[in-house]
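As a plain string of letters, each chain reads:
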Amino acid sequence: MKSVKCLTTAILLLAVAGAAEATIPQYHTHSKYLLAPPGAMGMGLYGYVNPALLTYLHQPDFYFVWSDADGDWSASNGWGFFSGFPTVNMGFGVIKDEMDAGASYDYRLSFAGGRPTSSFGLQYNWAAGGNRTLDRSDFFSVGWLVRPMRYLSLGAVGQFSTTSADNQGIFDAAVRVLGDERLTVFADYALQRGMRMADAPWSAGAIWEVVPGVRLAGRYFDTQAFTLGLSFSLGHAGGTAQWLWDEDNNYGYGTYGVRAGAYDRNVFHDRIAEKRYLRLDLKGPIKYQRYKWFDKSHTLVGLLETIEKAEDDGSISGIVVNTSGMRASLEIKWEIRDKLEDFKKSGKRVIAYIDDATLGTYTLATVADRIIMDPTGTLAIPGVVGGRTYLKQTLAKLGIGFEEWRFFKYKSAYESFSRENFSDGDREQIERILDEAYRITREEICAARGLSDTEYDRIVDEMTYLRPEEALDLGLVDKLGKPDAADRVIEDLEGRKLATVSPKYFEIFTPPREAYWGTRKQIALIYALGICAMDQGISARKLSRYIDSARKNKRIEAVVFRVDSPGGSAMASDLVAEAIKKCAEEKPVIVSQGAVAASGGYWISMYADKIVASPATLTGSIGVIGGWFYNKGLKEKLGMSTDFVKIGEHADLGFGAKLPYLGVGIPDRNLTEDEFARVKNLIIEFYHDFVEKVAEGRDMEYDAVDEIAQGRVWMGTDGRENGLVDELGGLDAAIRLAKREAGIPEDEKVELVEMPRPQLMSPNVFAPRLFGIEVGEEDEFMQLLRFRLEHNGDPLPMMPVDQIGLFTEN
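Predicted model only: the values in this text are computed from it and were never measured. (Residues numbered from 1 in each chain as written. Predicted model: local features only at pLDDT ≥ 70, side-chain atom pairs only at ≥ 80, totals over all residues. Heavy atoms only, no water.)

1. Thoughts on the overall build of the protein chain
For the protein chain, the helix and strand inventory stands at 23 helices and 39 strands. Oriented by its inertia axes, the alpha-carbon framework of the protein chain measures out at about 105 × 75 × 55 Å. Residues classed as buried in the protein chain amount to 53% of the 810 residues present. In the protein chain, the proportion of contacts linking residues at least 24 apart, taken out of those at least 6 apart, comes to 65%. Carbon and sulfur atoms form 54% of the exposed surface of the protein chain, whose accessible area is close to 35,400 Å². For the protein chain, the separation between the mean place of its 92 positive charges and that of its 115 negative charges on side chains is 2 Å. (Helix = DSSP H or I, 4+ residues; strand = E, 2+ residues; numbered from the N terminus. Buried < 20%, exposed > 50% of the residue type's maximum accessible area, 1.4 Å probe, protein only. Contact = heavy atoms within 4.5 Å. Areas by Shrake-Rupley, 256 points an atom, 1.4 Å probe, with all protein chains shown as cover. Lys, Arg positive; Asp, Glu negative; His and termini not counted. Charge placed at Lys NZ, Arg CZ, Asp CG, Glu CD.)

Shown next as structure tokens:
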């Protein structure tokens, strides 16, 4: 607001200084082409008056308008052509006036930049024809538009001659009485150099949007003349009409315009538009964020928003989901399925196509009203399994010693290195996880396909892999065919043929930005992905700064914190947890747990106001563990030797040879009894501290947390029962909950502010590939192994590597 005040003051000073004959056309002479001041309605001649308006243009648009002479359609006394191009925020317009001296032309080229709350524009005007005989000069304009809230729009324009001291200041204000486009009142005022403020022309009026896209405008001028106008939208086209009566109520003129290009809200789209089905092709990985360049991957939030747009769009009757080539965790597949369930509740239909379907993909497909299976595909329903690869003997053969520092029954993060089979605690928790996963999957499939539990169990145990014909006979799918078979299924369901469209359909029918003044209320969506480390994985240093930024940003009403992490460093976890705790003291913080939010991943979740997890989420694992890798012949086998000098009894504890390729060292020796006793006390103290923090964050007693802790991993459903989780749901549910906690009405749209912002492009985008594998690419297991070696001997709130991928499918 300060910037607008300064600009307004400057324009006023310039406008009232001195006196001269005007060589800049008076603003209100263009009123016959404007139904209202530029900032009050639509795009205001695409920057012709106020160039700052171009910031709001969302698609290219063109507008042609002409004026009659005393009601005679055949005798036009002028016309205007206006255009806008949002890619470069540019507008071009020309007005032709018929005068006694001949035709005159005013050309204007405009550019703009800024944000929805405050934008700035520059413009150059040049004249031709009869204007020159009237001594009209070229001039440039500076425009400013401020919309600090959805109720108010303020505009200011300064026009400055290039050949004389003439200038003009133009000001307009508009108020949306109800906070939307239904009713707007406005006023404007124009002051030229040498004109007394009391003599400056002004107008005031109102706009009523009767139904979407149909607007009636009335405008009263200081001369006692008035206009009545009509604007209507057909979507990508529209028209306007306006009539003026003078101070004696005599008809003065009429103007009529046609528009084509940008989409505008209208009453016809949902009611009489041709019905369609949306094609949703899920091929490829589904990520949380994608690179801006050279990355066509789907994102979870993008898919959820696309499904919601389809639900809200009255011209969309259903969705065809193609699961071929889909790569996502079971948890993400559950979230997409859950969102499609909501979509169906609106009375719309879902069709799914599968080819070589795994259990998780098939479970997703069962949300559909009809399932099409490729006639050469397979359907795998083998049940669920969870296991480990044990490396104890491998390490022994390599000459690497390992000692597991485990003091809690279920904390099994290092079990793969210390054992040859499951411990009792690990077997118990994995059996419970698999039981729950099997139950959830069976319930969803049986409910969708009308199977009994007994029949489902028989298919799993006796058939496992089904040919298309078998799946059809068992009622697991409805039709065999290729993806184009969806067209025939749509015709069967709807009773007529319907076209299908891609998600780009919504880009074509995106409502104009000016439909909402200012910015919508914002919710920060902050991602914590990967191992809990200071400068990798979740990158705790940067992540804590993002959280602080969201806390301090007054425009952000709430924070949704998406966690998908197996844990890692206690220091990194605690740094982020404290930032979340501080943020939650000032605004609502909702944690959305992804495929895994356990150990350190739970640590960073625990101080939120609410924790939301899906049934397929792995959560909990409240515990601390440590381990010690040391040389037991590897150094000698590699022909390496070491030597050292030391000051301090234990100074050599971590000293050892640095392993080639891995770039990490392996200590020469194991711990002494005294050193081990000290480490044991440290781990136990860390555990007690962890449990106390969870008890504080979750408002539970210490003993209640300790009973469900001990490093045990829980499914989301069990977490809901034992108090580790507040609600079952996905990211979509977390966003709805954040809105509710922030007092935002459920039906009000919000702007999601993602942190960190997506990177420009992958650092490996130009890397060479060998048999489809990027050279230099390190897989997740090796990243975690490197992390453990780098943190050798550190107490870690971390869950097993094997359990991270327990429910991951390609």
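2. Description of the environment of Thr366
Considering the arrangement of structural elements, one finds Thr366 in the loop between helix 6 (359-365) and strand 21 (370-380). Of the residues examined, Thr366 reaches a relative accessible area of 3% and is grouped as buried. Distance in space between the C-alpha atoms of Thr366 and Arg327 is 17 Å, their sequence separation being 39 residues. In this structure, Thr366 is in contact with Arg337, Ile371, Glu444, Ile445, Ala448 and Arg449, ignoring residues within four places of it in sequence.

3. Some thoughts on the pattern of salt bridges
Here the structure, examined in full by the defined rule, presents 52 salt bridges. Glu428 serves as the salt-bridge partner of Lys409, at 3.2 Å between the closest nitrogen and oxygen. Of this pair, Lys409 sits in the loop between strand 22 (400-405) and helix 8 (415-418) while Glu428 is found in helix 9 (residues 424-449), placing the two residues 19 residues apart along the sequence. For Lys409, a relative accessible area of 45% corresponds to the partly exposed category. Since its relative accessible area comes to 31%, Glu428 is described here as partly exposed. Across the salt bridge formed by Glu436 and Arg439, the nearest N and O atoms sit 2.4 Å from each other. With Glu436 and Arg439 both in helix 9, this residue pair falls three residues apart, about one helical turn. When its relative accessible area of 5% is taken as the criterion, Glu436 is described as buried. With relative accessibility at 28%, the residue Arg439 sits in the partly exposed group. Via salt bridges that share partners, Arg176, Glu181, Glu209, Arg215, Asp264, Arg265 and Glu514 belong to a single interconnected network. (Salt bridge = Lys/Arg side-chain N within 4 Å of Asp/Glu carboxyl O.)

4. Concerning the nonpolar core
Formed by 61 residues in total, the largest nonpolar core has its most connected members in Ile319, Ile336, Leu340, Leu379, Ile381 and Leu476. Residues contacting Ile319, with those up to four places away along its chain left out, are Tyr277, Leu278, Leu280, Ile307, Ala310, Leu340, Phe343, Arg349, Val350 and Ile351. One finds Ala570, Ala579, Ala597 and Met700 within the second-largest nonpolar core, a separate group that totals 55 residues. (Core = buried A, V, L, I, M, F, W, Y, C linked by side-chain atoms within 4.5 Å.)

5. Remarks on the packing of helix 14 (residues 540-552) against helix 15 (residues 570-584)
In helix packing, the relevant descriptors are the interaxial angle and the interaxial distance, both defined with respect to the helix axes. Two elements in contact, helix 14 and helix 15, have axes separated by 9 Å at closest approach and are oriented at 0°. By the angle between their directions, the pair helix 14 and helix 15 is classed as roughly parallel. Residues Ala540, Arg541, Leu543, Ser544, Ile547, Asp548 and Arg551 of helix 14 touch helix 15, and the partners they reach there are Ala572, Leu575, Val576, Ala579, Ile580, Lys582 and Cys583. Along the lines of polarity and charge, the residues of the contact of helix 14 with helix 15 split into nine nonpolar, one polar and four charged. (Axes fitted to C-alpha atoms, helices over the stretch in contact; angles between N-to-C directions. Parallel < 35°, antiparallel > 145°, perpendicular 65-115°, else oblique. Nonpolar A, V, L, I, M, F, W, Y, C, P; charged D, E, K, R; others polar.)

6. Section: the confidence of the model for the protein chain
For the protein chain, per-residue confidence averages 89 on the pLDDT scale, and residues scoring 70 or more make up 90% of the total. Confidence scores differ between elements of the protein chain, with strand 38 (residues 773-774) showing the lowest mean pLDDT of 45 and strand 29 (residues 610-613) the highest of 98. Contacts for the low-pLDDT stretch residues 10-21, under 50 throughout, to residues beyond four places or in other chains number 29 contacts. Every residue in residues 770-777 is under pLDDT 50, and counting partners more than four places away or in other chains gives eight contacts. (pLDDT = per-residue confidence, 0-100.)

7. Let's talk about the side chain of Arg215
With respect to the helices and strands, Arg215 occurs in strand 11 (residues 214-221). On the accessibility criterion, Arg215 (7% relative accessible area) is buried. Among the polar contacts listed, one links the side chain of Arg215 to the side chain of Asp264, at a separation of 3.1 Å. Apart from residues lying up to four places away in sequence, Arg215 is in contact with Met41, Ile207, Trp208, Glu209, Gly229, Leu230, Ser231, Asp264 and Arg265. (Polar contact = N/O pair within 3.5 Å; in protein donor to acceptor, adjacent residues only side chain to side chain.)

8. Remarks on a nonpolar patch on the surface
Residues Met149, Tyr151, Val175, Val177, Leu178, Leu183, Val185, Trp208, Val210, Val211 and Leu216 make up a contiguous nonpolar surface patch of roughly 850 Å² in combined accessible area. Within the residue set of the nonpolar patch, elements represented by two or more residues are strand 9 (183-192) and strand 10 (202-211). Per-element accounting of the nonpolar patch gives the leading share, three residues, to strand 10. Note that Met149 resides in strand 6 (residues 139-149). (Patch = residues over 30% accessible without salt bridge, like charges linked within 9 Å, V, L, I, M, F, W, Y side chains within 5 Å.)

9. Here we look at the packing of aromatic side chains
Across all of its chains, the model carries 35 aromatic pairs by this definition. Taken together, Phe64, Trp66, Trp79, Phe92, Tyr105, Tyr107, Tyr124, Trp126, Trp243 and Tyr256 form an aromatic cluster joined through their ring pairs. Sitting over the ring of Tyr56, Arg147 keeps its end group 4.4 Å from the ring centre. Positioned over the ring face of Trp714 is Arg712, at 4.3 Å from the centre of the ring. (Phe/Tyr/Trp six-rings, centres within 6.5 Å; stacked < 30°, edge-to-face > 60°. Lys NZ or Arg CZ within 6 Å of the ring centre and 35° of its normal.)

10. Remarks on the side chain of Gln522
Tracing the backbone shows Gln522 in strand 26 (residues 522-529). Gln522 gets classed as buried once you look at its relative accessible area, which sits at 5%. Those residues in contact with Gln522 that sit more than four places away from it in its chain are Asn553, Arg555, Ile556, Glu557, Ala558, Glu751 and Val753.

11. Points about the environment of Phe294
Its location among the elements puts Phe294 in the loop between strand 16 (284-287) and strand 17 (298-299). In the structure, Phe294 is positioned 467 residues away from Met761 in sequence and 6.6 Å away in space, judged by C-alpha atoms.

12. Points about helix 14
For helix 14, spanning 13 residues, the distance from its first C-alpha to its last is 18 Å, which sits close to the expected 18 Å at 1.5 Å a residue. Among all positions in helix 14, only Ala540, Leu543, Ser544, Ile547, Ala550 and Arg551 are buried. Buried positions in helix 14, seen along its axis, are confined to an arc of 120° and lie on one side of it. In helix 14, those exposed residues whose orientation departs by more than 90 degrees from the buried face are Arg545 and Lys552. (Expected span 1.5 Å × (residues − 1). Arc of directions from axis to C-beta.)

13. Comments concerning unusual backbone geometry
Most peptide bonds take the trans form, and the phi angle of most residues other than glycine is negative. Of note, the amide linkage connecting Met755 to Pro756 takes the cis form, showing an omega dihedral of -5°. Along the chain, the position of Pro756 falls in the loop between strand 36 (751-755) and strand 37 (769-770). Of note in this structure, Leu45 is not a glycine but carries a positive phi near 65°. The backbone of Phe294 shows a phi angle near 55°, a positive value even though the residue is not glycine.

14. Side note on the state of the cysteines
Overall, the coordinates contain zero disulfides when judged by the stated rule. Sulfur of Cys583: no disulfide; nearest cysteine sulfur belongs to Cys532 and is 18 Å away. The buried category is assigned to Cys583, whose relative accessible area is 0%. (Disulfide = S-S within 2.5 Å.)

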